[in-house]
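This is what each chain is made of:
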Amino acid sequence: MTLQEIFIQNLKYYRKQNGMTQNDLTIALNKGYNYINGIEQGRSFPTPDTIEEIAKILHIRAVQLFDENSSLSTAISANRSTFINELADKIYERRILAFQRSP
């Protein structure tokens with residue numbers, strides 16, 4: 001996953017966590033129509049100053065927008081095979097325990 005993809009996933013996650021639409025965040029930044037949509041679609045990328053402003057609005061540290069383990073959705077995307085294997089192991093363990101307990 002590229003740094004831009006990580007940023008986009010985290011931006012979407014934290015924006016939604018704050019109950020904001022793309023338009024809400026665009027207005028809060030005092031930017032033009034569809035500004036956040038362009039970022040989330042990968043067509044543009046914000047300046048460092050705008051990244052800091054986005055983080056302030058979303059009540060997070062700017063570095064969290066670039067951390068692949070910052071949001072659950074990004075962590076799962078970045079570590080999908082590990083996540084799937086761990087989930088499969090847990091399901092298997094529960095099935096074995098259920099089988100052992102049945103008469």
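Everything here concerns the structure above.
Residues numbered from 1 in each chain as written. Predicted model: local features only at pLDDT ≥ 70, side-chain atom pairs only at ≥ 80, totals over all residues. Heavy atoms only, no water.

Peer 1: Explain the pattern of salt bridges to me, and be specific about the residues and the numbers.
Peer 2: Counted by the stated rule, this structure contains 1 salt bridge. Glutamate 40 is the salt-bridge partner of arginine 15, the closest N and O atoms lying 2.8 Å from each other. Placement of arginine 15 in helix α1 (residues 3-17) and of glutamate 40 in helix α3 (residues 35-40) is noted, with a sequence separation of 25 residues between them. There is no split in this pair, since arginine 15 and glutamate 40 are both buried. (Salt bridge = Lys/Arg side-chain N within 4 Å of Asp/Glu carboxyl O. Helix = DSSP H or I, 4+ residues; strand = E, 2+ residues; numbered from the N terminus. Buried < 20%, exposed > 50% of the residue type's maximum accessible area, 1.4 Å probe, protein only.)

Peer 1: Quick one: what's the story with the side chain of asparagine 10, residue by residue and with numbers?
Peer 2: Residue placement: asparagine 10 occurs in helix α1. Asparagine 10 gets classed as buried once you look at its relative accessible area, which sits at 0%. At a separation of 3.1 Å, a polar atom in the side chain of asparagine 10 contacts the main-chain carbonyl oxygen of glutamine 64. (Polar contact = N/O pair within 3.5 Å; in protein donor to acceptor, adjacent residues only side chain to side chain.)

Peer 1: Please give an account of the nonpolar core that cites residues and values.
Peer 2: When a protein is soluble and globular, its nonpolar side chains tend to lie buried together. Residues Leu11, Leu25, Ile36, Ile54, Leu58 and Leu65 are the most contacted members of the largest nonpolar core, which totals 14 residues. Elements that contribute at least two residues to this core include exactly α1, α3 and α4 (48-58). Among the elements that take part in this core, α4 stands out by supplying 4 residues, more than any other. In contact with leucine 65, not counting residues within four places along its chain, are Ile6, Phe7, Asn10, Leu11, Tyr14, Ile51, Ile54, Ala55 and Ile60. (Core = buried A, V, L, I, M, F, W, Y, C linked by side-chain atoms within 4.5 Å. Contact = heavy atoms within 4.5 Å.)

Peer 1: Which residues make up unusual backbone geometry, and what are the values?
Peer 2: Here the phi dihedral of asparagine 30 falls at roughly 60°; this positive angle occurs in a residue that is not glycine. Residue asparagine 30 is classed as exposed on the basis of its relative accessible area of 70%. Phi angles above zero are rare outside glycine, and asparagine 34 is one such case at about 65°. Following the sequence through the fold, asparagine 34 ends up in the loop between α2 (22-28) and α3.

Peer 1: Before we move on, can you summarise the packing of α1 against α4 with the specific residues and values?
Peer 2: Where α1 meets α4, the closest approach of the two axes is 10 Å, and the angle between their N-to-C directions is 30°. As far as their axial angle goes, α4 and α1 are roughly parallel. Seen from above, α1 lies across α4 with left-handed handedness. Of α4, the residues touching α1 (which contributes Phe7, Leu11, Tyr14 and Arg15) are Ile51, Ile54 and Leu58. (Axes fitted to C-alpha atoms, helices over the stretch in contact; angles between N-to-C directions. Parallel < 35°, antiparallel > 145°, perpendicular 65-115°, else oblique. Left-handed = near helix turned anticlockwise from the far one by under 90°.)

Peer 1: Outline the environment of threonine 26, listing residues and values.
Peer 2: Inspection of the secondary structure assignment puts threonine 26 in helix α2. A sequence separation of 11 residues divides threonine 26 from asparagine 37, and the C-alpha atoms of the two residues are 8.6 Å apart. Setting aside chain neighbours within four positions, we find threonine 26 in contact with Lys31, Gly32, Asn34, Tyr35 and Ile36.

Peer 1: Go over α1 with me, naming the residues and quoting the values.
Peer 2: The terminal C-alpha atoms of α1 lie 21 Å apart, and with 15 residues this matches the ideal 21 Å at 1.5 Å per residue to within 8%. Looking only at α1, the buried set comprises Ile6, Phe7, Ile8, Asn10, Leu11, Tyr14 and Arg15. Glycine 19 occupies a position one or two residues after α1 and carries a positive phi of about 70°. (Expected span 1.5 Å × (residues − 1).)

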